[in-house]
Amino acid sequence: MKKIGLVAIFGLFLGTQVVYSQTDNPENQTFSVEKFQIKTPTNLSEKIRLTAKFDIVMGHPLESYYTSKYNLHYSLSSADGKILAEGMLDKYLTARADFSREDVAIEKDLEIQVPYATLSLPAGKHDLVLEIWTSYLRKVFPKCLKKTITVSMPELYNYADQKFTVKNFGIKSDVLFKGILGLEASFDVSYLFTAEQIRELYQSMDFRYFAYTILLKDAKTGNPVALFKPESSTQSESSEKPFEFVKIHIPYNQINLPEGTHQLKAELIISGYARRIVFGKHSEKAFEYSQPAVYLASFTLNNLTAEEKQYDSSNAFGRLFSKPSSNVGKGYPDLYWIVETGAYTVYESARNKNSFSAITGEARFTTVDSDPILLAAYDYDSFNVNDLIGVFKIPHTAGNYSLSKQNFVFPGVTTSNFEFKKTRYPSVLNESFSAKPCKNGGVSGFCVEGYFSVSELPAGEQISVTPTQVLGEKNSDVSGCINLETGEKTLNFTSAQAGLNLFYPFYAVKNAQKIGVNLKLATLGFPVGDVLVGDAVSIPNFDDTNLIINILENQKDETGLVGIRIETNAVVPDTYWNLGRVSSKLKLNFTQNPTLNLDTLIYPAKTGADAVFIPYYKLEKGENQEIQILEETFSDKDFRIGVNTEKFTFVDAKLTFVQIKKIDIKLSKDQTATKLSYKIMHGKNVIAEGDAPVSGGVVRITCSMTKHLVHPSDALSLEFSEKDTYGIAAKWGEAKFTASDFKKGKLILKKPMNGIKKVQIFVD
């Protein structure tokens, strides 16, 4: 059997077709299960799944095992037969003879995994039925396992429902971690539920984790302290245990504060997986510490050559497929270099494959005087630990420092040229900012004026100024800001001091607690500091719209009713249209008739007016009524940018009552209808309707209509239709008239429509 299979493989390799015996039929297969066991999580780092592990034994090994592949199916049901989970293994079974048992084929260590969270079962023990079967093409084989298993369901929770209890929150200074001095926050935290009880754990193991962030603030002003790398104060921890003792180290070289003693407040913020959920502040602590001077360091490597020796085993196979001039397979290193502060890698170069020469580059990072700084060269290895070639500890004294080495040799490196320099990191020395309401291009906002100065800038650097706002626990950029002196949105300064005159639109800072600017080094993007206006943001009432309200009397709508038309035209600056939809809320208060009060939302066009029509007959009280009109205009859904109010008293609403008592209709001679249906309409409103028989070409209708209030010029109409044998009405037409058309209680309409010769309408 093995010999034939080997021939088949060579046949495929040579491109020939192999034909097998007709007795080698994959549909004659038999299946059984061996070594079945149920696994449950043994520790909380495992995914919360029901796992069945087993071997499948196939009674007939096949010569064509590589083309005859079987699918394995499973279902998990409750004791009453309800299917809770079902699926198919994501790999095929192949009936290849087993080396230890050539009479059978065995697929070993198969696993079926069913996440507990998908079973929709309450906590507790449940007896479930697991069934396993196989298929080949359209053939389904008999079940090879049907087994009752007992499952202990844990209490499951949604990840977002986690609760935290934090105790013993504290801050220490001058703590050494990975060779670097800094602050250390520590606390005990306990969880409402552990990782094994999280429903979403079957989706991703990342749902085990929660992120703990230490937010540093000035104890007096409450302003956040910037970090050069914001992630340096965040640490993720797994909730595998019911409680945890957490330490978070914040290196001094990441804290953007000037040298000296500082009064700070540390707040513990807890967030969730990928920061999509924020669980909020859970503790805070005031403390004092002494910040050492921070420096901007640069290390420039111009040349580095590793000692020439064999770093990897010689590879004849690699040389076979390489050019004669290539170094592949000769044991040369894949050379790269790094710069470290303590045990933190702050720079890693690109790799130069199969070469003794390193790729040049520049590392720029922040440091303090106590940080050890190392240059290390490595040979990269894809499968094993990277080999250290050589390491050099870069000396640096307190304060500004520079070092230049030419043809420098250290163990493992035959020559190197590099320069190292560290200069005092710039900090904000003086600043003064104030804000007052103003307008720019028709848009209301704050004009922020002031100046700042920083300590000496590093060579070639600029200060980048970004308008910022404080939103809760974080700062955010402000869109729409401009430099009022230049009209530009970008602000870069080459000098260490500058005056500013900026415009902040109200719409962009509507939720801000404070506004100001964020200063950064333009090239590196490292923060220098935030300069904020001292006063909290308070947006005054303002109006950026030219709201035009026209009230027109004795207007007719499309149905012919007479009333008043209130036209509104909200003229707003293009800025608001560019933000999105502009909307207006129109409120009408009728002093004498509150039941007519109107509160409606309209979306005005960029040009043209919108209108609200109110027919006179709805006013009921007649003339001399007062309407109070309030229109508010909004941008970005809920931000009010304008308001207008007006009062109006209308006097020309001479209303009257109409009550039709009788209608006489004379049909044309050619009409054969035996019954007519009618409707009396006021605009689009039906005020009376009914059916009447036809006798001798005449229809006499007695109306039971109540008195109906109309304006004398309101459109009234009389519609006629004839119903077929199925009761479906076919409209003949309509006769139009007004209340003012009646003379001495009667109105005669001659030939108002086809089929009708004359209509007489009588009113009280």
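Because the structure is predicted, anything quoted here is derived from the model rather than measured. (Residues numbered from 1 in each chain as written. Predicted model: local features only at pLDDT ≥ 70, side-chain atom pairs only at ≥ 80, totals over all residues. Heavy atoms only, no water.)

Here the focus is empty space enclosed by the protein. Following the criterion strictly, the structure yields one cavity of 30 Å³ or more and no others. The calculated volume of the largest cavity comes to roughly 40 Å³. Around the largest cavity sit I38, L50, A52, L76, I112, V114, L130 and I149, which together line it. The set of elements that each furnish at least two residues to the lining of the largest cavity consists of β2 (49-58) and β6 (105-115). Within the lining of the largest cavity, the residues separate by chemical class into eight nonpolar, no polar and no charged. (1 Å grid on protein atoms, 1.4 Å probe; cavity = no way out; pocket = protein on both sides within 12 Å on 5 of 7 lines; lining within 4 Å. Points joined across faces, edges and corners; volume = space filled by probe spheres on them. Helix = DSSP H or I, 4+ residues; strand = E, 2+ residues; numbered from the N terminus. Nonpolar A, V, L, I, M, F, W, Y, C, P; charged D, E, K, R; others polar.)

We now examine the nonpolar core. Counting 81 residues, the largest nonpolar core has Y212, I255 and Y504 as its most contacted members. In terms of residue count, the dominant contributor to this core is strand β26 (residues 443-454) (six residues). Listed in part, the 34 residues of the second largest apolar core include F31, A52, V114 and L128. (Core = buried A, V, L, I, M, F, W, Y, C linked by side-chain atoms within 4.5 Å. Buried < 20%, exposed > 50% of the residue type's maximum accessible area, 1.4 Å probe, protein only.)

Right, let's get into the pattern of salt bridges. Under the definition given, this model contains 13 salt bridges. One salt bridge in this structure joins E259 and R424, with 2.6 Å as the shortest N-O distance. Of this pair, E259 sits in the loop between β14 (243-251) and β15 (260-271) while R424 sits in strand β24 (residues 413-424), and the two are 165 residues apart along the sequence. E267 is the partner of K265 in a salt bridge, and the nearest nitrogen-oxygen pair spans 3.5 Å. Given the relative accessible area of 23%, K265 is considered partly exposed. Where salt bridges share partners, they join K217, K265, E267, K281 and E284 into one cluster. (Salt bridge = Lys/Arg side-chain N within 4 Å of Asp/Glu carboxyl O.)

Below, the discussion takes up unusual backbone geometry. At K178, a residue that is not glycine, the phi angle is positive and equals roughly 55 degrees. Following the sequence through the fold, K178 ends up in the loop between β10 (164-177) and β11 (180-191). We classify K178 as partly exposed; its relative accessible area is 45%. Despite not being glycine, N407 has its phi angle at roughly 50 degrees, a positive value. The topology assignment puts N407 in the loop between β23 (401-405) and β24.

Note that strand β36 (residues 582-590) and strand β39 (residues 625-635) share nine bridges and pair antiparallel. Note that in β39 the partner of L586 across the bridge is E631. Bridge analysis of β36 against strand β37 (residues 598-602) gives five bridges, and the strand direction is antiparallel. For K587, the partnering residue across the bridge sits in β37 and is D599. (Pairing = 2+ DSSP bridges.)

What follows covers the layout of surface pockets. Taken as a whole, the second largest pocket spans an internal volume of roughly 630 Å³. Around the second largest pocket, the lining is made up of 28 residues, and of these D218, N223, P224, L257 and D530 lie nearest the centre. Of all the elements in the fold, those that place two or more residues in the lining of the second largest pocket are β15, β25 (428-440) and β33 (527-532). For the lining of the second largest pocket, a count of residues per class yields 14 nonpolar, nine polar and five charged.

Okay, the environment of S404 next. Tracing the backbone through its elements, the reader meets S404 in strand β23. The spacing of S404 and N417 is 13 residues in sequence and 7.8 Å in space, taken between C-alpha atoms. Setting aside chain neighbours within four positions, we find S404 in contact with F418 and E419. (Contact = heavy atoms within 4.5 Å.)

Here the focus is the sheet that holds β14. Read from one edge of the open sheet, three strands run β10-β11-β14, paired in antiparallel fashion. The sheet is open, and its two borders are formed by β10 and β14, each paired with just one other strand. When strand polarity is set aside, the average angle formed by the axes of neighbouring strands in this sheet is 20 degrees. Note that β11 and β14 share nine bridges and pair antiparallel. Looking at the pairing, G182 lines up with P251 of β14. (Axes fitted to C-alpha atoms, helices over the stretch in contact; angles between N-to-C directions.)

The tally for this structure, following the rule as stated, stands at 37 aromatic pairs. Measuring from centroid to centroid gives 6.2 Å for Y311 and F356, while their planes differ by 55 degrees, and the two rings are tilted. Of this pair, Y311 sits in the loop between β17 (294-306) and α2 (316-320) while F356 sits in the loop between β19 (344-348) and β20 (361-368), placing them 45 residues apart in sequence. Given the relative accessible area of 15%, Y311 is considered buried. With relative accessibility at 11%, the residue F356 sits in the buried group. Relative to Y576, the ring of Y507 has its centre 5.9 Å away and its plane inclined at 70 degrees; by these criteria the two rings are edge-to-face. You can see Y507 sitting in the loop between β31 (497-505) and β32 (514-521) and its partner Y576 sitting in helix α3 (residues 574-579), a full 69 residues away along the chain. Its relative accessible area of 15% is what places Y507 among the buried residues. Relative accessible area serves as the criterion here: at 0%, Y576 is assigned to the buried category. (Phe/Tyr/Trp six-rings, centres within 6.5 Å; stacked < 30°, edge-to-face > 60°.)

Put simply, the chain has an average pLDDT of 85, and 90% of its residues get 70 or more. Here residues 1-22 scores under 50 on pLDDT; set against residues more than four positions off or in separate chains, the count is 15 contacts. (pLDDT = per-residue confidence, 0-100.)

To continue, consider the side chain of T366. Residue position: T366 is located in strand β20. A residue is classified by how much of its surface remains accessible, and T366, at 5% relative accessible area, is buried. A polar contact of 2.6 Å, which involves the side chain of T366, links it to the backbone oxygen of N253. When neighbours within four sequence positions are excluded, T366 is seen to be in contact with F228, N253, Q254, V294, Y295, Y425 and F526. (Polar contact = N/O pair within 3.5 Å; in protein donor to acceptor, adjacent residues only side chain to side chain.)

Quick look at the sheet that holds strand β45 (residues 698-702) now. Strand order in this open sheet of four strands is β45-β42-β50-β49, and the pairing throughout is antiparallel. In this open sheet, the two strands that pair with only one neighbour each are β45 and β49 (746-753). The average undirected angle you get between the axes of adjacent strands in this sheet is 15 degrees. Taken together, the five bridges between strand β42 (residues 660-667) and β45 define a ladder with antiparallel strand orientation. Within the sheet, the bridge partner assigned to K662 lies in β45 and is T702.

What the rule picks out here adds up to one disulfide. With its sulfur 2.0 Å from that of its partner, C438 forms a disulfide with C447. The sign of the 95 degrees torsion about the S-S bond sets the C438-C447 disulfide as right-handed. By relative accessible area, which is 17% here, C438 ends up buried. When its relative accessible area of 12% is taken as the criterion, C447 is described as buried. (Disulfide = S-S within 2.5 Å.)

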